[in-house]
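Understanding the architecture of this molecule
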Amino acid sequence: MSGTYLGMPAFPAAAKEAVGNETLRANLRHATHTIRDKRAKAVAELDDWMLLREAGKRIKDHTLRHLDRYLVQLEESVTAAGGVVHWAADAAEANRIVAELVKATGESEVVKVKSMATQEIGLNEALEAEGISAYETDLAELIVQLGDDRPSHILVPAIHKNRGEIRDIFRDRMGAWGRAAPEGLSDTPGELAEAARLHLREKFLRAKVGVSGANFMVAETGTLVVFESEGNGRMCLTLPETLISVVGIEKVVPSWRDLEVFLQTLPRSSTAERMNPYTTMWTGTHDTDGPSTFHLVLLDNGRTATLADEVGRQALRCIRCSACLNVCPVYERAGGHAYGSVYPGPIGAILSPQLRGTGSEIDASLPYASSLCGACYEVCPVAIDIPEVLVHLRERVADQGGKGHRLEKAAMKAAGWVFDHPRVLAAGEKAASRTRRLHPSRLPGAGAWTNTRDLPKLPPEPFRDWWKKNRAQDRGKGARPAGSGTQGRDAHGPGVGGPNSDDRKDSGT
Amino acid sequence: MNTGSGSRERILARIRTAVADAPDAPEVVRDYLDTHTPEDRVVELLAENLADYRAIVHRAGTEELPGLIGRLLAERGARTVLVPPLLPPSWLSATPAEITRVEDDVDATARELDAVDSVVTGCALAVAETGTLVLDAAPDQGRRRITLVPDHHICVVRTADQVVGSVPQAMPRLDPTRPLTWISGPSATSDIELDRVEGVHGPRTLEVILLAE
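The rules we used
Residues numbered from 1 in each chain as written. Chains lettered and ligands numbered in written order. Predicted model: local features only at pLDDT ≥ 70, side-chain atom pairs only at ≥ 80, totals over all residues. Heavy atoms only, no water. Helix = DSSP H or I, 4+ residues; strand = E, 2+ residues; numbered from the N terminus. Buried < 20%, exposed > 50% of the residue type's maximum accessible area, 1.4 Å probe, protein only. Contact = heavy atoms within 4.5 Å. Areas by Shrake-Rupley, 256 points an atom, 1.4 Å probe, with all protein chains shown as cover. Buried area = accessible area lost by both parts, 1.4 Å probe. Salt bridge = Lys/Arg side-chain N within 4 Å of Asp/Glu carboxyl O. Polar contact = N/O pair within 3.5 Å; in protein donor to acceptor, adjacent residues only side chain to side chain. Pairing = 2+ DSSP bridges. pLDDT = per-residue confidence, 0-100. Core = buried A, V, L, I, M, F, W, Y, C linked by side-chain atoms within 4.5 Å. Domains from an automatic or database assignment. 1 Å grid on protein atoms, 1.4 Å probe; cavity = no way out; pocket = protein on both sides within 12 Å on 5 of 7 lines; lining within 4 Å. Points joined across faces, edges and corners; volume = space filled by probe spheres on them. Nonpolar A, V, L, I, M, F, W, Y, C, P; charged D, E, K, R; others polar. Axes fitted to C-alpha atoms, helices over the stretch in contact; angles between N-to-C directions. Phe/Tyr/Trp six-rings, centres within 6.5 Å; stacked < 30°, edge-to-face > 60°. Lys NZ or Arg CZ within 6 Å of the ring centre and 35° of its normal.

What about the overall build of chain B?
- Across its full length, chain B carries five helices and twelve strands.
- Relative to its full complement of 213 residues, chain B shows a buried share of 59%.
- Considering only contacts within chain B whose residues lie at least 6 apart along the sequence, 72% involve residues at least 24 apart.
- For chain B, the exposed surface amounts to about 8,800 Å²; the carbon and sulfur share of it is 50%.

The following block contains the structure:
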């Protein structure tokens, strides 16, 4: 990839391409606006939303603080209920464990419930390399898999495709994977859903091995919980003889009762429903009801490194609702693929660089994929202060250096000196105003960063001069303006915390 | 038998190091509401919310129940109906003889279940605020698969003692050692342009009978 000068153009470059795609932008705008209005209505039905949000945040924080204890308790509970617990330090180990478990059954295909964790570790590809076919059964995942595409949204992985595009994929590709799409398939959502039902049914009915993730695991009881809509989850969780669940270690909650909070906040935040159509809760194995063998693979894969960061660890509270994606102005325009991760949007911008580290170009660029407007924080049902973590990660990326960041740091240092020396600043501003016609619209020398940004136009005269001329005579010499001033240029004064200050209102709507 | 025990110790050690200096997390406060719904409104609200998510809601007294079930099966054109092990016998007492009852056989394959038209069950409880039925695989409901594979599910809710207002009221009444299925309307998807479309893999028709005894 070209233009890597500052170590952060990966997202800008990908986003620039996406922004130029009119269909993609229209699909995203339509979908995100629909869901955000519905969410606001669903949330408004509960007077105690802010209390539920705070409780959810605290349950997660408490669990993370004592994560070792709750994981050990979970292991005991699941084992006592007839399950087998495995621990995977990274993606490679998790994939190896799952592949061996599938091989031990003698089967060469598995049906899958949509799961972020298995996408994160690239399980389908790893299984394929071992000669095992993994069939995605969520409608959107099916669209992505048949289209040889990548997911672009946590909840609705094919959000970037409209109905016409989906019809084409079904018509052209279903036959190669199993039952072909019906003749003359139209693009009405009802017909498309029916085509998926027929195509997948034969896979469900013969499946011997199911693979899932989980939304929650209860330490006290050993219960796993999967929220879904279509019934493909129920199919995968109850019809096969063997069930393998791959779950991030941060998904544990201490008690059964804790679920009452998330059962209220997750569906309203994600699909904007009072409740999603189906939720399955199982505890180990249940005699003749459901799989007779259950394996739980507990996945670290960067989570403990995230936990070690005192600001960044709050990202582990995430319950993957995707409300932050739907309100994000950057996501709405750039789409999910630009984030270069299975976790797109604001949460992805803080999760991916922490799970994977900030060594790569894309991960170092993600903390900058935001305008810090704070909408993500407002809708987050577990109150993750995403802007706070973004700023924190920017600092980390800057500290780790690289050519561009040395430049940035040098510039900041120089700026700091100038702001500390008012006379130098005044002289500089005057000189800049006088020469403004000569300024280029783009800053040379800083490579990719400046290529995607126009320099702001300088005003004809410095604010200090304007102030002296227009206002200063009205007041005592040296008096600070009351209020913030109509010019809005008092950016160096106190109290301008930007979106990262602590006084944001948690309207929840 | 656990595998990857080296990783187990490694992960636990990493966690302990990661949080060693972390301050203790503030206590969990449960000052959210136990319910949002007055007691005398719960059955009405349940009916509204079920219907809002396209479940078909019926009401019956004990006397009318068998007739209603028989009529719904006949109108559906069902030729076969799955029966959980201990469904109250009276419930199917007025079902037309030509509709064959199918017991849930442990050895029945998913494909055999797929050939059955309808299923009739009770439930563990229903949650009014969310329009949810919770099944816990008790003998009047049967194994999870029998309410999943057939395309038509009739579920009977006893309004006198099975309807709670809210999720927090439901939790203490449920037993997590049982397999639980929370059902809110028929199977649906929002995966195409975020429009809710009913009818994917689960039963595409969900009929709920509110039984006032």
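So that's the structure; there's more coming.
Quick word on the interface of chain A and chain B
- Taken together, the 97 residues of chain A in the interface contact 78 residues of chain B.
- Between chain A and chain B lies a buried interface of about 7,800 Å² when both sides are counted; carbon and sulfur atoms form 57% of it.
- With its nearest N and O atoms 2.6 Å apart, the salt bridge here joins Arg14(B) to Asp300(A).
- Linking chain A with chain B are 41 residue pairs in polar contact (both at pLDDT 80 or more), by the criterion used here.

Overview of the pairing of strand β10 (residues 293-299) of chain A
Residue and element names in this part refer to chain A.
- With respect to burial, β10 is a largely interior element, six of its seven residues being buried.
- Pairing geometry for strand β1 (residues 84-88) and β10, over five bridges, is parallel. Paired with Ala88 across the bridge in β10 is Leu299.
- Relative to β10, strand β7 (residues 242-248) runs parallel, the two being bridged by seven bridges. Residue pairing across strands places Val247 opposite Leu298, the latter belonging to β10.

Re the confidence of the model for chain A
- Averaged over every residue, the pLDDT of chain A is 85; the share at 70 or more is 80%.
- Per-residue pLDDT stays below 50 along residues 476-509 of chain A; that stretch engages in 39 contacts with residues further than four places along the chain or on separate chains.

Observations regarding the nonpolar core
- In this structure, Phe11(A), Phe216(A), Leu259(A), Leu263(A), Ile347(A), Ile350(A) and Trp182(B) are the most contacted members of the largest nonpolar core, which totals 76 residues.
- When residues of this core are assigned to domains, at least three map to each of domain 1 (12-33 + 321-399) and domain 2 (46-299) of chain A.
- Those residues in contact with Ile350(A), other than ones at most four positions away along the chain, are Ala315(A), Ile384(A), Ile386(A), Val389(A), Leu390(A) and Leu393(A).
- Counting residues in hydrophobic clusters, the runner-up holds 65 residues, among them Tyr70(A), Leu185(A), Leu113(B) and Val119(B).

A look at the pattern of salt bridges
All names here are of chain A.
- Going through the model one piece at a time under the given rule, you end up with 39 salt bridges over all chains.
- In this structure, the salt-bridge partner of Arg303 is Glu250, at a minimum N-O distance of 2.7 Å. On the criterion of sequence distance, the pair formed by Arg303 in helix α13 (residues 303-307) and Glu250 in the loop between β7 and β8 (252-253) is long-range, its members being 53 residues apart. Comparing Arg303 with Glu250 shows no difference in burial state: the two are buried.

With respect to empty space enclosed by the protein
Residues and elements named next belong to chain A.
- All chains considered together, the criterion is met by nine cavities of 30 Å³ or more.
- Here the largest cavity defines a volume of roughly 610 Å³.
- In terms of lining, the largest cavity is formed by 37 residues, of which the most central are Lys114, Leu155, Asn215, Phe227 and Glu228.
- Mapped by element, the contributors of at least two residues to the lining of the largest cavity are α6 (116-120), β6 (223-228), β7 and α12 (259-270).
- Looking at the lining of the largest cavity, its residues break down into 17 nonpolar, eleven polar and nine charged.

Concerning the sheet that holds strand β2 (residues 80-83) of chain B
Residues and elements named next belong to chain B.
- Spatial strand order, β1-β12-β7-β4-β2-β3: six strands in an open sheet with parallel pairing. Edge positions in the open sheet fall to β1 (56-61) and β3 (100-103), since each of these has one partner strand only. Neighbour to neighbour, the strand axes of the sheet diverge by 25° on average, direction disregarded.
- Note: strand β7 (residues 152-158) against strand β12 (residues 205-212), seven bridges, orientation parallel.

Quick word on the packing of aromatic side chains
- Within this structure, the stated rule accounts for six aromatic pairs over all chains.
- With 6.2 Å between their ring centres and 75° between their planes, Tyr135(A) and Trp177(A) make a pair best called edge-to-face. In this pair, Tyr135(A) is assigned in strand β3 (residues 133-136) and Trp177(A) in helix α9 (residues 163-177), connecting sequence segments 42 residues apart.
- A relative accessible area of 13% means that Tyr135(A) is categorised as buried.
- Above the face of the Phe262(A) ring, Lys60(A) is positioned so that its terminal group lies 5.9 Å from the ring centre.
- Over the aromatic face of Tyr53(B) sits the side chain of Arg274(A), whose NZ or CZ is 5.7 Å from the ring centroid.

Let's talk about the environment of Gln141(B)
Residue and element names in this part refer to chain B.
- Assignment of secondary structure puts Gln141 in the loop between β6 (132-135) and β7.
- Taking relative accessible area as the criterion, Gln141 reaches 2% and is therefore assigned buried.
- Linking Gln141 and Leu86, residues 55 residues apart in sequence, is a C-alpha distance of 7.8 Å.
- When near neighbours in sequence (up to four residues on either side) are disregarded, Gln141 contacts Pro84, Thr121, Gly122, Cys123, Ala124, Leu135, Asp136, Ile146 and Thr147.

Observations regarding helix α2 (residues 42-52) of chain B
Residue and element names in this part refer to chain B.
- Residues Val42, Leu45, Leu46, Ala47, Asn49 and Leu50 constitute the buried set of α2.
- Residues of α2 that are buried make contact with β1, β5 (125-127), β6, β8 (163-164) and β12.
- Positive backbone phi, at 70°, marks Arg54, one or two positions downstream of α2.

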